[in-house]
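Understanding the architecture of this molecule
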Amino acid sequence: MGRANESKDHDVTLVGRKQLDITGVKQVESFDNEEFLMETNMGFLSVRGQNLHMKNLNVEQGFVSIEGKIHDMIYLDQNQQGKSKGFLGKLFK
């Protein structure tokens, strides 16, 4: 029972904009020194910055640690994209 609950946890810990620890990661879709895109238990997460590199990756435990200068983090929700288009966005689809 403990393991099933652990796999659904998703936490993001940012230390001084230099180290980012993320749990609940299903997979890392893509990464380079400016952006990481990963699928988490709470949706897709994009992390952008400078000189980013992966310090630690453990897919079995769903843990990723990133170092570098973190500029922003954003969750990409596919359902919200359609809702936020508004009338003109739907018109020019």
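A brief look at the structure comes next. (Residues numbered from 1 in each chain as written. Predicted model: local features only at pLDDT ≥ 70, side-chain atom pairs only at ≥ 80, totals over all residues. Heavy atoms only, no water.)

1. A word on the sheet that holds strand E4 (residues 35–40)
As a reminder of what qualifies: Two strands qualify as a pair provided DSSP detects at least 2 bridges between them. Only DSSP runs of H or I with at least four residues qualify as helices, and only runs of E with at least two residues qualify as strands; both kinds are numbered from the N terminus onward. In this analysis an axis means a line fitted to C-alpha atoms, helices contributing only their contacting stretch, and an angle means the value between N-to-C directions, from 0 to 180 degrees.
On the basis of which strands lie adjacent, the open sheet formed by 6 strands has the order E1-E2-E6-E5-E4-E3 and antiparallel pairing. Unpaired on one side and paired on the other, strand E1 (12–15) and strand E3 (25–31) mark the two borders of the sheet. Each neighbouring strand pair of the sheet contributes to a mean axis angle of 35 degrees, computed without reference to strand direction. Summarising the sheet, E1 and strand E2 (residues 19–23) pair through 4 bridges and their orientation is antiparallel.

2. Let's talk about the packing of aromatic side chains
Which entries qualify depends on this criterion: Stacked, edge-to-face and tilted labels apply to pairs of Phe, Tyr and Trp rings (six-membered ring for Trp) whose centres lie within 6.5 Å, assigned for plane angles under 30 degrees, over 60, and everything in between, in that order. Exposure classes here rest on a 1.4 Å probe applied to the protein chains alone. A residue is buried below 20% of its type maximum, exposed above 50%, and partly exposed in between.
As enumerated under the stated definition, the model contains 1 aromatic pair in all. The interplanar angle of 20 degrees and the centroid separation of 5.3 Å between the aromatic rings of Phe 31 and Phe 36 together place this pair among those described as stacked. Looking at Phe 36, the relative accessible area reads 0%, which means it is buried.

3. Structural notes on the nonpolar core
Across soluble globular proteins, nonpolar side chains have a tendency to be buried as a group. Counted only if it meets this: Think of a nonpolar core as a cluster: buried Ala, Val, Leu, Ile, Met, Phe, Trp, Tyr and Cys residues, connected wherever their side-chain atoms sit within 4.5 Å. Note on contacts: a residue pair qualifies if any of its non-hydrogen atoms lie within 4.5 Å across the two residues.
Core analysis: the biggest nonpolar cluster contains 11 residues, these being Leu 20, Ile 22, Val 25, Phe 36, Met 38, Leu 45, Val 47, Leu 52, Val 64, Ile 66 and Ile 70. Taken together, the elements giving at least two residues each to this core come down to E2, E4, strand E5 (43–58) and strand E6 (63–76). Beyond its immediate stretch of four places on either side in the chain, Leu 45 contacts Ile 22, Phe 36, Leu 37, Met 38, Thr 40, Met 73, Ile 74 and Tyr 75.

4. Comments concerning the pairing of E4
Each regular strand carries side chains that alternate between the two faces of the sheet. Because side chains alternate across E4, one face comprises the buried residues Phe 36, Met 38 and Thr 40, and the other comprises Glu 35, Leu 37 and Glu 39, none of which is buried. The pairing of E3 with E4 spans 5 bridges and is antiparallel. Following the sheet pairing, Phe 31 is matched in E4 by Phe 36. Where E3 folds back onto E4 in an antiparallel hairpin, the turn is made up of 3 residues. Inspection of the sheet shows E4 paired to E5 by 6 bridges, in the antiparallel sense. Residue pairing in the sheet places Phe 36 in a bridge with Val 47 of E5.

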